[in-house]
Amino acid sequence: MPLVTSTEMFRKAYDGGYAIGAFNVNNMEIVQAITEACREEKAPVILQVSKGARAYANHTYLVKLVEAAVLECPEIPVVLHLDHGPDFETCKSCIDGGFTSVMIDASSKPFAENIEITKRVVEYAHDHGVVVEAELGTLAGIEDEVVVAEGHASYTRPEEVEEFVAKTGCDSLAIAIGTSHGAYKFKPGTKPQLRFDVLEEVSRRLPGFPIVLHGSSSVPQNYVEMINTYGGAMPGAIGVPEEQLRRAAELSVCKINIDSDLRLAMTGTIREFMATHPDKFDPREYLKPARANIKEMVRHKLIHVLGCAGKA
Ligand code: G3H
Ligand code: 13P
Ligand code: ZN
């Protein structure tokens with residue numbers, strides 16, 4: 001089937017108490033690993049491309065890689081999504097260039113400005129059959145510790161969500177409930193805990209509306225150890241516990257964003273290969289096990305975290 005929007009996927013995910021995996025793609029091996037796992041597990045999937053990915057690999061290469069995956073995996077629905085679109089022009093370029101979904105991230109702007117920018121993207125996107133994810137609240141992180149301590153200023157304010165969704169017409173909403181981007185999400189020695197009270201209040205105010213969680217890598221400790229064993233230095237890397245993501249997926253969260261975990265699997269595998277095969281210099285020899293390990297990680301998430309295996 002051709003690329004689809006996320007509308008039908010989210011409706012089924014909401015009703016079924018599971019979430020769709022939204023995985024960041026930057027090269028062929030990552031696209032292949034994700035889509036092969038999804039095809040084998042019969043899971044719908046969102047492949048997302050950041051501004052950085054477009055700068056690295058080029059828009060056309062990424063679109064063509066995803067189109068190739070769609071041809072190879074005709075049984076599963078695939079969405080091509082812009083991750084963290086920074087402005088109208090970037091969103092327009094992706095809408096005009098074959099994407100079926102875009103995120104406009106104006107969450108760092110004041111509320112009224114966020115509404116204004118998001119609304120403009122929604123109007124253009126909907127005119128072209130493309131759906132829009134928007135964001136309210138800024139993701140917490142270790143570097144935001146002070147802000148969080150001062151009255152939870154980073155978390156999404158549930159009292160704002162109805163007005164935001166009504167005025168913008170966005171199709172899904174990313175909220176901040178304690179996740180953060182990257183591999184250092186919580187302070188070592190503290191108990192990672194998402195703000196389910198905020199999620200539940202948002203859902204109560206937006207019944208049936210799909211919620212998105214960014215910064216949802218779990219930072220598997222086997223890959224952190226692998227990286228540290230083979231010359232890397234990632235002390236204190238900690239992610240979101242899988243059981244909390246599972247709980248979010250059972251609630252109103254329909255899209256869970258994962259990038260860092262793919263990077264950890266790829267980097268750990270390549271570091272180990274390089275260290276244990278100092279004589280090898282064919283990139284296919286280290287990209288192959290890296291791709292295989294990403295695939296197994298994605299498979300695990302589809303079955304045990306997202307709950308979307310068998311839902312295609
Ligand atoms: O949310 C950020 C994603 O992990 C994409 O990261 O901007 O380095 O491609 P990137
Ligand atoms: P992670 O850094 O936790 O993988 O989050 C990725 C993300 O939110 C992409 O938008
Ligand atoms: Zn993100």
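That block above? That's the structure.
Residues numbered from 1 in each chain as written. Chains lettered and ligands numbered in written order. Predicted model: local features only at pLDDT ≥ 70, side-chain atom pairs only at ≥ 80, totals over all residues. Heavy atoms only, no water.

Caption draft 1: A look at helix H8 (residues 161–168). Regarding H8, the residues found buried are Val161, Phe164, Val165 and Thr168. When H8 is viewed along its axis, its buried side chains cluster within an angular range of 90° and face the same direction. Along its buried surface, H8 packs onto helix H6 (111–127), strand E5 (131–136), strand E6 (172–175) and helix H9 (196–205). (Buried < 20%, exposed > 50% of the residue type's maximum accessible area, 1.4 Å probe, protein only. Helix = DSSP H or I, 4+ residues; strand = E, 2+ residues; numbered from the N terminus. Arc of directions from axis to C-beta. Contact = heavy atoms within 4.5 Å.)

Caption draft 2: How the structure looks around the site of ligand 1. The local shell around ligand 1 consists of Asn24, Ser50, Asp83, His84, His181, Asp259 and Arg263. Contact between ligand 1 and serine 50: an oxygen atom at 2.6 Å from a side-chain N or O atom of the residue. Measuring from an oxygen atom of ligand 1, one finds a side-chain N or O atom of histidine 84 at 3.3 Å. Coverage of ligand 1 by the protein chains reaches 67% of its 310 Å² of free accessible surface. (Near = heavy atom within 4 Å. Polar contact = N/O pair within 3.5 Å; in protein donor to acceptor, adjacent residues only side chain to side chain. Areas by Shrake-Rupley, 256 points an atom, 1.4 Å probe, with all protein chains shown as cover.)

Caption draft 3: Representation of unusual backbone geometry in the model. Positive phi outside glycine occurs at asparagine 58, with the angle close to 90°. Tracing the chain through its elements places asparagine 58 in the loop between helix H3 (51–57) and helix H4 (59–72). Of the residues examined, asparagine 58 reaches a relative accessible area of 34% and is grouped as partly exposed. Located in the positive-phi region is valine 219, a residue other than glycine, with phi close to 50°. Within the secondary structure, valine 219 sits in the loop between strand E7 (211–213) and helix H10 (221–229). For valine 219, a relative accessible area of 1% puts it in the buried group.

Caption draft 4: Geometry of the coordination of the zinc ion (ligand 3). Protein coordination at the zinc ion (ligand 3) comes from His84 (NE2), His181 (NE2) and His214 (ND1), with a distance range of 2.0 to 2.1 Å. For the zinc ion (ligand 3), the single-chain donor residues occur in sequence as H-x96-H-x32-H. Residue histidine 84 is located in strand E3 (residues 78–85), and its partner histidine 214 is located in the loop between E7 and H10; the two are separated by 130 residues in the primary sequence. Here histidine 214 falls in the buried class, since its relative accessible area comes to 2%. (Donors = N, O, S within 2.8 Å, 3.2 Å for Na, K, Ca; no water.)

Caption draft 5: The pairing of E3, seen in detail. With respect to burial, E3 is a largely interior element, 7 of its 8 residues being buried. Sheet analysis places strand E2 (residues 45–50) next to E3, joined by 6 bridges and oriented parallel. Bridging from a neighbouring strand, valine 45 pairs with valine 78 of E3. With helix H5 (residues 88–96) bridging E3 and its parallel neighbour strand E4 (residues 101–104), the resulting β-α-β unit is right-handed. (Pairing = 2+ DSSP bridges. Right-handed = clockwise from strand over helix to strand, strands pointing away.)

Caption draft 6: Looking closely at the nonpolar core. Ranked by internal contacts, the top residues of the largest apolar core, which has 97 residues, are Phe23, Ile34, Val102, Leu173, Ile211 and Leu302. Broken down by element, this core gets its largest block of residues, 8 residues, from helix H13 (residues 283–306). Look past the residues within four positions of phenylalanine 23 in its chain and what remains in contact with it is Ile34, Val45, Ile46, Leu47, Gln48, Ile258, Leu262, Val298, Lys301, Leu302 and Leu306. (Core = buried A, V, L, I, M, F, W, Y, C linked by side-chain atoms within 4.5 Å.)

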